[in-house]
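# Architecture at a glance
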Amino acid sequence: MKRLLDLELQKLLQNKTSKVLIIISFILPFFVILLSSFKINFFGLFTIELGEHGIFNFPIIWHITTFFAAFFKIFFAVVVVSMIGNEYSNKTLKQNLIDGLSKKEFILSKFYTIVFFSLVSTLLIFLITLCIGLYYSSIDEVGIIFKGSEFILAYFVKLVGFFSLCLFFGMLLKRSAFALAFLFIEWIFEWIVFWGAYEILDGTEQAQKVKDLMPLESMSNLINQPIQRIIMNMNPDKENFVYDYAVHWYEIVIVLIWTAIFIFLSYRLLKKRDL
Amino acid sequence: MEPILSIDNLTKKFGYLTAVNNLSFTINKGNVYGILGSNGSRKSNTLGIVLNVVNKTSGDFKWFDGSVSTHDALKKVGAIIERPNFYPYMSAYNNLKLVCKIKGVPFEKIDEKLELVGLHERKDSNFSTFSLGMKQRLAIASALLNDPEILILDEPTNGLDPQGIHQIRTLIKKIASNGTTILLASHLLDEVEKVCSHVVVLRKGVKLYSGRVDEMVSSHGFFELRSSNSSELISLLENHSAFGKINEFDGLVTAFLDAPLDASEFNKMLFDKGIVLSHLVKRKPSLEEQFLQLTDHN
C-alpha cells in the first residue's frame, strides 16, 4: 500500500500543474475559513464579523466549515481526472503495466491517493474548525465541542465518493476535459431521473427519494446547506424553517456503495481494455 | 534448455478481425530471437498480449515455469514497445526512479544503467527535452534496470537516424554478449540477420516459420548459370532429378536445388554432356530472399 501511494505521489508532486492545484485545494478553503472568522474592518466604514451571528459556535461550525470547504473539492477533482488522462495521453499506463504493475495495483494506487488526500483535507478542516470554534465559543466541555463533528466524517466520505466518481469518468473517457464535462452531464442526468421518477411515481417526495440514491445527489445530501440552519438558529420561534440537516448513517452508506461501485467499474474497465 | 516464454495456441480477435491466429512458439534462455514480419503482421499485438496490455481471446502463454502471475513475471522482464513512454515533466533520473519503485529495484541501479546507455550527464534533464534517440536509449536503460532475464525490444531503431540506429545496435549486441536473452521484433531483415540467432516469422498473425535463422528455408541453395546454349541447358536441368524450379531471365538461368549437389561435380557433368558454361555460381538465398519466399508463397 505504501509502495502504491508512493508511486502516485511521485507522479503527482513532480507535475507542476498538479502540485499547484493540490496546494490550492488545501490552502484556499483553509484561508477562506480563517479569513471569514476575522473581524474585518472596511476602512472604518463598517465592520463585518461573521462570528457575531453565532455561526462559529459549536456545534453549528462543523456544519458550516465542512459545507463551504467541500466546494473546493473541484480543484482536486481536476487533479484526479488529469492523473488518469495523462497516463493515457503519455501512454505511461501501458508502460507501467509492462514494467510489472498489475491493473489492480494501478487502480489501487489511484484510489489510495484519493483517500490520502481526502484524509489530509479532512484533517486540515478538522483542525481549523476546532481552533476557530474554540476561539469563539466559551464552552470547554468536550462533549459539546465534538457534538456535530459527524460532519467531519461526512466531509471525508463525500470527498472520497466524489473523487472516485471522477476517477471512474477519467478511466471511462481517457481525457480529462471530457471527464469534467461528464460530471455536468451526470448532474443533468440526475435531474432527468428525478423528472422520470416524478412522472412514474407521481409525487415530488417519492421522486426525491429516488434522486437521493443517485451519486451526486447522495453526496450533496451528506452535508445539507447550512444557510437555513443559520436562519433557524437566529429565529428559534419560527417553525417553518425547520428541516432535516443531520448526517444520517444511510446517507453515508449510499455514498460508500457508490464509491465501491466506481472503483470496481474502473478496474473492470481497465481489465477489459486493450491498450 | 530453460524456457523463458512459452506461447501456446494464442489467438486474439478484434471483433471479426483475427489479429493473432493460433500462434505457438517458445523462447529459450540465452538465445537472441527475432520476430520478423512486415507492417501489420501483428508483432506488436503478440508482444502486447504477453506483456499484459492486450487481452488474449483464447490460448495461453506462460512466463518462466508458469508459477508466478504475469505482472510479477514482468518484473523480471525488460521491455520497450513501439515508442518510449515516460512522464514528460520528470527528469530522466526520476522517471527511472519510478520504474525502480514499480519493479522493486534499488535506486543504485539508475546511475549504472544511465552510464551504460550514455545518458548520465543528462540525467537531470526533463524527458520532454530529449531527442528520439535519447528517449529510446532511456527506454533501454529503463528496461535494463532490473537486470532482466529477457529483454524485449519492439522496433527499437524505428525512426532513428543512422547514428542512432548504430548506437542502439551496438548496445543490443553488448547486452546480448552478457548472456541476456533478447527478443527483437522488427520488420528490418538485416537488423534481425545481424543480431538474432533464432527467428519467428509472422504474417497477419500467423506463424510461417520458427527456428534458427540459418535454417529458415530448408534450401540446398541454387545455381546461377549462363551458357551460349541455354535451351539445351534448360532441357537438361528439367530432366535432372536434383533440380526443382528453373527460371530464365536475360540469358541467366537460375536453378533451385531439391537435393544436395556439388558445384564442381555439376560442372563436370555438364561439360561431359557438351555444355560449356560461361557463368556458374552456387548460392544460398539471403534472409531477405528467404523472407520474401516465405511470405509470398503462403
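Just so you know, these numbers come straight off a predicted model, no measurement behind them.

### Some words on the overall build of chain B
Summing up its helical and strand segments, chain B has 10 helices and 13 strands in all. In terms of C-alpha radius of gyration, chain B reaches 24 Å, well past the compact-globule figure of 19 Å for 298 residues. C-alpha extents for chain B along the principal axes are approximately 75 × 45 × 35 Å. Out of the 298 residues in chain B, the part that is buried amounts to 39%. Taking the intrachain contacts of chain B between residues at least 6 apart in sequence as the baseline, contacts between residues at least 24 apart amount to 69%.

### Considering the interface of chain A and chain B
The interface of chain A with chain B comprises 23 residues on the first partner and 23 residues on the second. If you list the elements that add at least two residues to the side of chain A that touches chain B, you get α1 (2-13) and α5 (92-98) of chain A. In terms of residue count, α5(A) provides more of the side of chain A that touches chain B than any other element does, 6 residues in total. Its residues assigned to classes, the side of chain A that touches chain B shows 5 nonpolar, 9 polar and 9 charged.

### What to know about helix α9 (residues 176-201) of chain A
All names here are of chain A. The end-to-end C-alpha separation of α9 is 37 Å, in line with the 38 Å expected for 26 residues at 1.5 Å each. Within α9 the residues assigned to the buried category are S176, A179, L180 and E190. Phi turns positive one or two residues past the end of α9, at D202, with a value near 60°.

### Some points on the pairing of strand β1 (residues 3-14) of chain B
Pairing geometry for β1(B) and strand β2 (residues 17-28) of chain B, over 8 bridges, is antiparallel. Counted as the bridge partner of B:K12 is B:V20 from β2(B).

### With respect to the environment of B:V50
Secondary-structure assignment places B:V50 in helix α1 (residues 43-50). Once residues within four sequence positions are removed from consideration, B:V50 is found in contact with B:L5, B:I7 and B:F61.

### Points about unusual backbone geometry
Residues and elements named next belong to chain B. Despite not being glycine, N22 shows a phi value in the positive range, around 50°. You can see N22 is positioned in strand β2. Backbone geometry at K204 places phi at a positive 45°, although glycine is not the residue there. Position of K204 relative to the elements: it lies in the loop between β8 (198-203) and β9 (206-212). Residue classification places K204 among the partly exposed positions, given that 17 C-beta atoms sit within 10 Å.

### Topic: the sheet that holds β2(B)
All names here are of chain B. Ordered by their spatial adjacency, 3 strands build an open sheet running β2-β1-β4, and the pairing between neighbours is antiparallel. Of all strands in the sheet, those with a lone pairing partner are β2 and β4 (58-63), marking the two edges. Between one strand axis and the next, the sheet turns by 15° as a mean value, whatever way the strands run.

### Side note on the nonpolar core
In terms of nonpolar packing, the biggest core is built from 135 residues, with A:V80, A:F163 and A:C166 touching the most fellow members. It is helix α8 (residues 150-173) of chain A that contributes the most residues to this core, 16 residues altogether. Among all residues touching A:V80, those that are not within four sequence positions of it are A:I114, A:F163, A:C166, A:L167 and A:G170. Ranked by size, the runner-up nonpolar core spans 6 residues in total, among them B:F223, B:L225, B:L233 and B:A255.

### Regarding the pairing of strand β10 (residues 222-227) of chain B
Residues and elements named next belong to chain B. Examined bridge by bridge, β10 and strand β12 (residues 252-257) share 5 bridges and lie antiparallel to one another. Directly across from R226, in β12, lies its bridge partner L252. Across 6 bridges, the pairing between β10 and strand β13 (residues 277-283) is antiparallel. Its bridge partner being in β13, F223 is matched across the sheet by K282.

### A word on the packing of helix α6 (residues 103-136) of chain A against α8(A)
Residues and elements named next belong to chain A. Running from amino to carboxyl end, α6 crosses α8 at an angle of 150°, the nearest separation of the two axes being 9 Å. Classified by the interaxial angle, the pair formed by α6 and α8 is roughly antiparallel. With respect to the hand of their crossing, α6 and α8 are arranged in right-handed fashion. Of α8, the residues touching α6 (which contributes K110, I114, V115, S118, L119, S121, T122, I125 and F126) are I152, Y155, F156, L159, V160, F163, S164 and L167.

### Digging into the environment of A:V253
Relative to the assigned elements, A:V253 resides in helix α13 (residues 249-272). Sequence-wise, A:V253 and A:F71 are 182 residues apart; in three dimensions their C-alpha atoms are separated by 22 Å.

### Regarding the domain arrangement of chain B
Residue and element names in this part refer to chain B. If you check the domain split of chain B, you get domain 1 (3-215) and domain 2 (222-296). The interface is formed by 9 residues belonging to domain 1 together with 5 residues belonging to domain 2. Listed by contribution, the elements that provide at least two residues to the side of domain 1 that touches domain 2 are α7 (189-195), β8 and β9. Partitioned by chemical class, the residues of the side of domain 1 that touches domain 2 number 6 nonpolar, 1 polar and 2 charged.

Calculation criteria
Residues numbered from 1 in each chain as written. Chains lettered and ligands numbered in written order. Predicted model: local features only at pLDDT ≥ 70, side-chain atom pairs only at ≥ 80, totals over all residues. Helix = DSSP H or I, 4+ residues; strand = E, 2+ residues; numbered from the N terminus. Rg over C-alpha atoms; globule rule 2.2 N^0.38 Å. Buried ≥ 20, exposed ≤ 12 C-beta atoms within 10 Å, placed from the backbone. Contact = placed C-beta atoms within 7 Å. Nonpolar A, V, L, I, M, F, W, Y, C, P; charged D, E, K, R; others polar. Expected span 1.5 Å × (residues − 1). Pairing = 2+ DSSP bridges. Axes fitted to C-alpha atoms, helices over the stretch in contact; angles between N-to-C directions. Core = buried A, V, L, I, M, F, W, Y, C linked by C-beta atoms within 7 Å. Parallel < 35°, antiparallel > 145°, perpendicular 65-115°, else oblique. Left-handed = near helix turned anticlockwise from the far one by under 90°. Domains from an automatic or database assignment.

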